[in-house]
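Fold and contact review
Listed below, chain by chain, are the residues.
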Amino acid sequence: MDITVNKIKSLNGEIEIPADKSITHRAFMFSSLTKGKLKVSNFSKGADCMSTLKIIQQLGCKVEFINEKEVIIDATEALKEPAEALDCGNSGTTTRLMMGLLAGQRINSKMFGDQSLSKRPMKRVIAPLEQMGANFVHQDYKLPLEIKGTNLKAIDYNSPLASAQVKSCILLAGLNAEGETSFTEPYKSRNHTELMFEYMGADIKVEGTKVTIKKSQLKPVDITVCGDISSAAFFMVAALIVPNSDIIIRNVGINETRSGIIDVLKAMNGDIQLLNERVISNEKVADIRVRYSNLKATTIEGEIIPRLIDEIPIIAIAATQAEGTTIIKDAQDLRNKEADRITAVKTEVQKLGADIEETPDGFIIKGKTELTGDAEIECYHDHRIAMSLYVAGLICKKPIKINEFQWVDISFPEFLDLMSKLTIS
Ligand code: S3P
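Residues numbered from 1 in each chain as written. Predicted model: local features only at pLDDT ≥ 70, side-chain atom pairs only at ≥ 80, totals over all residues. Heavy atoms only, no water.

1. Considering the overall build of the chain
Broken down by element type, the chain carries 12 helices and 26 strands. Relative to its length of 425 residues, the chain is compact, with a C-alpha radius of gyration of 21 Å against a globular reference of 22 Å. Considered along the principal axes of its C-alpha atoms, the chain spans approximately 60 × 45 × 40 Å. Looking at the chain as a whole, 60% of its 425 residues are labelled buried. The distance from the centre of the 52 positive side-chain charges to the centre of the 57 negative ones in the chain is 1 Å. (Helix = DSSP H or I, 4+ residues; strand = E, 2+ residues; numbered from the N terminus. Rg over C-alpha atoms; globule rule 2.2 N^0.38 Å. Buried < 20%, exposed > 50% of the residue type's maximum accessible area, 1.4 Å probe, protein only. Lys, Arg positive; Asp, Glu negative; His and termini not counted. Charge placed at Lys NZ, Arg CZ, Asp CG, Glu CD.)

2. Looking at the domain arrangement of the chain
Partitioning the chain into domains gives domain 1 (3-19 + 226-424) and domain 2 (21-214). With centres defined by C-alpha atoms, the gap from domain 1 to domain 2 works out at 28 Å. Listed by partner, the interface residues are 30 residues for domain 1 and 28 residues for domain 2. Between domain 1 and domain 2, roughly 2400 Å² of surface is buried when both sides are summed, and carbon and sulfur atoms account for 48% of that area. Among the residues domain 1 hides against domain 2, the three largest losses belong to Ala19, Asn282 and Ile410. Together they make up 23% of the total. Scanning the region where domain 1 abuts domain 2 turns up 4 salt bridges. Summed over the shared surface of domain 1 and domain 2, the number is 15 residue pairs in polar contact (both at pLDDT 80 or more). (Domains from an automatic or database assignment. Contact = heavy atoms within 4.5 Å. Buried area = accessible area lost by both parts, 1.4 Å probe. Salt bridge = Lys/Arg side-chain N within 4 Å of Asp/Glu carboxyl O. Polar contact = N/O pair within 3.5 Å; in protein donor to acceptor, adjacent residues only side chain to side chain.)

3. With respect to the site of the ligand
Every residue lining the ligand is accounted for by Ser22, Arg26, Thr93, Arg96, Arg124, Ser163, Ala164, Gln165, Arg190, Ile309, Asp310 and Lys337. Asp310 has a polar side-chain atom sitting 2.6 Å from an oxygen atom of the ligand. Within the side chain of Lys337, one N or O atom sits 2.7 Å away from an oxygen atom of the ligand. Taken by itself the ligand offers 390 Å² of open surface, and the protein chains cover 95% of this. The set of elements that each furnish at least two residues to the shell around the ligand consists of α1 (21-31), α3 (92-103) and α5 (164-174). (Near = heavy atom within 4 Å. Areas by Shrake-Rupley, 256 points an atom, 1.4 Å probe, with all protein chains shown as cover.)

4. Quick notes on the pattern of salt bridges
In this structure the tally under the stated criterion is 33 salt bridges. For Glu146, the salt bridge identified is with Lys148, shortest N-O distance 3.9 Å. According to the relative accessible area criterion, Glu146 is partly exposed, its value standing at 23%. Lys148 sits in the partly exposed class, given a relative accessible area of 34%. Of the charged contacts in the structure, one is a salt bridge between Glu358 and Arg335, with a shortest N-O distance of 3.1 Å. With Glu358 in strand β22 (residues 355-359) and Arg335 in the loop between β21 (324-328) and α10 (341-351), the pair connects residues that are 23 residues apart, well separated along the chain. Each member of the salt-bridge network shares a partner with another, and the members are Arg120, Arg190, Asp310, Glu338, Arg341, Asp382 and Arg384.

5. Focus on the layout of surface pockets
By volume, the largest pocket is sized at about 630 Å³. What lines the largest pocket is a set of 37 residues, among which Ala162, Ser163, Ile309, Asp333 and Lys337 lie closest to the centre. Looking at side-chain class alone, the lining of the largest pocket contains 10 nonpolar, 11 polar and 16 charged residues. Domain assignment of the residues forming the lining of the largest pocket places at least three in each of domain 1 (3-19 + 226-424) and domain 2 (21-214). By volume, the second largest pocket amounts to about 270 Å³. Forming the walls of the second largest pocket are 15 residues, and the residues nearest its centre are Leu33, Lys35, Gln105, Asn176 and Gln217. Of the residues that constitute the lining of the second largest pocket, the class distribution is 8 nonpolar, 5 polar and 2 charged. (1 Å grid on protein atoms, 1.4 Å probe; cavity = no way out; pocket = protein on both sides within 12 Å on 5 of 7 lines; lining within 4 Å. Points joined across faces, edges and corners; volume = space filled by probe spheres on them. Nonpolar A, V, L, I, M, F, W, Y, C, P; charged D, E, K, R; others polar.)

6. Examining the side chain of Thr298
Here Thr298 is to be found in the loop between β19 (283-291) and β20 (299-300). With sequence-adjacent residues up to four places away left out, Thr298 is seen in contact with Val264, Met268, Thr325, Thr326 and Ile327.

7. Considerations on unusual backbone geometry
When glycine is set aside, most residues are seen to have a negative phi, and most peptide bonds are trans. Geometrically, the link from Leu143 to Pro144 is a cis peptide bond, its omega value of -5 degrees lying close to zero. Inspection of the secondary structure puts Pro144 in strand β9 (residues 142-148). For the peptide bond that leads from Gly367 to Lys368, omega is 0 degrees, which places it in the cis range. With respect to the helices and strands, the residue Lys368 is situated in the loop between β23 (362-367) and β24 (376-377). We note that Lys35 has phi near 60 degrees; this positive angle belongs to a residue other than glycine. One can find Lys35 in the loop between α1 and β3 (37-41). Lys35 sits in the exposed class, given a relative accessible area of 59%. Phi at Tyr141 is positive, roughly 60 degrees, even though this residue is not glycine. The residue Tyr141 is located in the loop between β8 (135-139) and β9 in this model. Note on Tyr141: relative accessible area 25%, which makes it partly exposed.

Here it is in structure tokens:
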């Protein structure tokens, strides 16, 4: 589906942001380990989470949709050996977390993914899992691969990467390994696994960037998933850069390991207010009011990177509208996402007339530039590139065309409907 994006007058009104992708993956996967029955409310309907849901069904979970927002997962008879290979689609989270979950089960399974996922590095999880005694058949640490389930032993792993996918993979393996498994990372990555494990009764301890888990049985407790700050980020930036905008985004997860985007946009002089703060299923949530602002440049590096890793493409769009030079560093892992997000963002944002330079681990962006538009944009089969460029299109002088916009369905099928709800054109 190719779409055209036109300049708009403003964004006004209120929306509720759909469920968090990371938390939904975990809710589905962890349910499969409970040996019981539970309800997940307000799950993400993106294709990535549906890949996870289908996989837990193949592993023996019974899944019953009560309505659009609630699903019952019955794992009383899970986990059984899947009859067919597990299709992870485009989802790195499904792949890496399922590898940790399955490595220590006494079943064998095969996994594959789409073209983009088949190019992504899996050594980051295979290497530590092999240290735990896991058994994989793979070529060059990529999908497709085979997992031969076996008994695992605990490890004390010092990760060179700050990665929630690697951490969650090792914690899932540790949940089923003899002894005490610990994982230490250089900076703290998103901690949804730790919070949900605690919520479901696992024996887990967190000390700074070190997490320790003992073999435990997860309990079947109902989970409500809050809204996705990574989806809200597109609306936050859109409201900040489209003149006269004033919006409220309801039900946004503001877990501090994910809220780097709020800190950065506030440091850029963004008018952002958190309202009605509360806790849902062990996760902090708020409504967020955002108003058009005169942005100024900033530097983003180090410890904050894992707290906003998925938001860097949309932050780059905000930076084109900020006075001064914005520098983004230490984000080299962006090259290993659904696309090489550094080259993709630079190439496409440059087409709009922005002053953006690519570095090995980030960007140098000079602003404020009036975006000309009048360009044909590729999204590299990457949902976040598609949505970031859409937001840029809202302030371009001339319309832009975005090819294959259907890739938004990976995380955010409701994106266009919610955008049109707020748009004054
Ligand atoms: C995720 C962790 C991050 C993030 C991805 C989702 C998760 O990946 O980019 O979209 O749910 O654990 P890394 O752990 O590879 O940084």
